[in-house]
Amino acid sequence: MTDGGDSVAARKEGISSGRILSGGELDGQPPATRARRCGTGWAAQTAAFLLPLIFAAGCEMPAERDRPLTVIAHRGASGYAPEHTFAAWDLALEMGSTHIEQDLQMTADGVLVVLHDGTLDRTANGTSGLCSGPVGERTSEELDTCEVGSWFNVERPQHREAAYAAEGIPELADVFRRYGHDVRYYIETKQPEASPGMDEALVRLLRRYDLIPERPSASLVLIQSFSPTSLRRIHELEPTLPLVQLYGGREWTSERIRSTLDEVATYAVGIGPYWRDTDLGLVQAVHERCMVIHPYTVNEAADLEQMLGLDVDGMFTDLPDRLIALAETSGRRVGPPEIGVCH
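An account of the accompanying structure is given in this report. This is a predicted model, so every value here is computed, not measured.

So, on to the pairing of strand β9 (residues 314-317). Burial of β9 is two-sided: the residues G314 and F316 facing one way and the residues M315 and T317 facing the other way are all buried. Two strands pair when backbone bridges link them, and strand β1 (residues 70-73) and β9 are joined in this way by four bridges, in the parallel orientation. Within the sheet, the bridge partner assigned to A73 lies in β9 and is T317.

So, in structure tokens, the structure goes:
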């Protein structure tokens, strides 16, 4: 996902035809009325009824600090190594991250590759003349001629490593083959409306590598998108995959995000707002619906501490070691999210 910034261009990630509408409806569809499981709706209704009775009886709710903190390495440990490379993911795992993130693009021949931008120009280099322009206009074989590490050595000389210049553009299948069931993945479908078939291709790969869970809480994979249409399609294909709705753009205030939560809870287990749009009211509203909240992208110590103080369920960060150290100092345990659990 794009790092948070003050400009609309820096923060908005392309909610296009699957846009969330202002009245809490998504993609032109009315709010669903079917019964929903905890984590996708009905438990929140039950909790709303039971909580006053619980407090009246003098019962104690679980302590907020029992909630694990999910540390999501944003494009890997991308503050220390080139984003979306095995070097960055390996380092993130060594640091103790709970999840490594992959942004998806689709090539001209329908292969899912891991790259943040829709174009190659910012991070890719090569001598073939094929390492620029839109990713979707290149085949996977053509992308094999590109490397995505030398730019980092120029921009971050303090973390320079000669080996980074040999880091290529990974296919998602390569990532699954390397890490298998030993890690947790946090995968984003990037502008899927511009890449027809991306959702289906992702589900096929997850099936091939036995990454479809029996239930959402047992999943090694979280799937996120700014596109409600993409998430709905994936939910239709594999209902047990846990999904996270992303929000970006100046219009997505805490209040407006809250107005969409009931509808989002019909297909997603959580949300990913820009961290500056995350306040106590939003966190509480998410937790009341038995959902999780994972703000992005938080790097400065003061900002990490602010989010910890709000008791968010996890954060995206380029610096997972910094977040883990602050979590330990504050007594917050690091771990995967508790999907469908009401605290």
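Ranked by size, the top nonpolar core spans 75 residues in total, and within it L172 and I271 carry the most contacts. V113, C131, C146 and V148 belong to the second largest nonpolar core, which has 10 residues in total.

Before going further, it helps to spend a moment on the packing of aromatic side chains. Inspection of the entire model under this criterion finds 11 aromatic pairs. With a centroid separation of 5.8 Å and 80° between ring planes, the pair formed by F152 and Y164 is classed as edge-to-face. A residue pair is termed long-range when its members are at least 10 positions apart, and F152 in helix α5 (residues 150-155) and Y164 in the loop between α5 and α6 (172-179) qualify at 12 residues. Across the pair, exposure class does not vary: F152 and Y164 are buried alike. With a centroid separation of 5.7 Å and 55° between ring planes, the pair formed by F176 and Y209 is classed as tilted. One end of the pair, F176, is in helix α6; the other, Y209, is in the loop between α7 (198-208) and β5 (221-225), and 33 residues separate them in sequence. By the burial criterion, F176 is buried, and Y209 matches it.

Basis of the calculations
- Residues numbered from 1 in each chain as written.
- Predicted model: local features only at pLDDT ≥ 70, side-chain atom pairs only at ≥ 80, totals over all residues.
- Heavy atoms only, no water.
- Buried < 20%, exposed > 50% of the residue type's maximum accessible area, 1.4 Å probe, protein only.
- Helix = DSSP H or I, 4+ residues; strand = E, 2+ residues; numbered from the N terminus.
- Pairing = 2+ DSSP bridges.
- Core = buried A, V, L, I, M, F, W, Y, C linked by side-chain atoms within 4.5 Å.
- Phe/Tyr/Trp six-rings, centres within 6.5 Å; stacked < 30°, edge-to-face > 60°.

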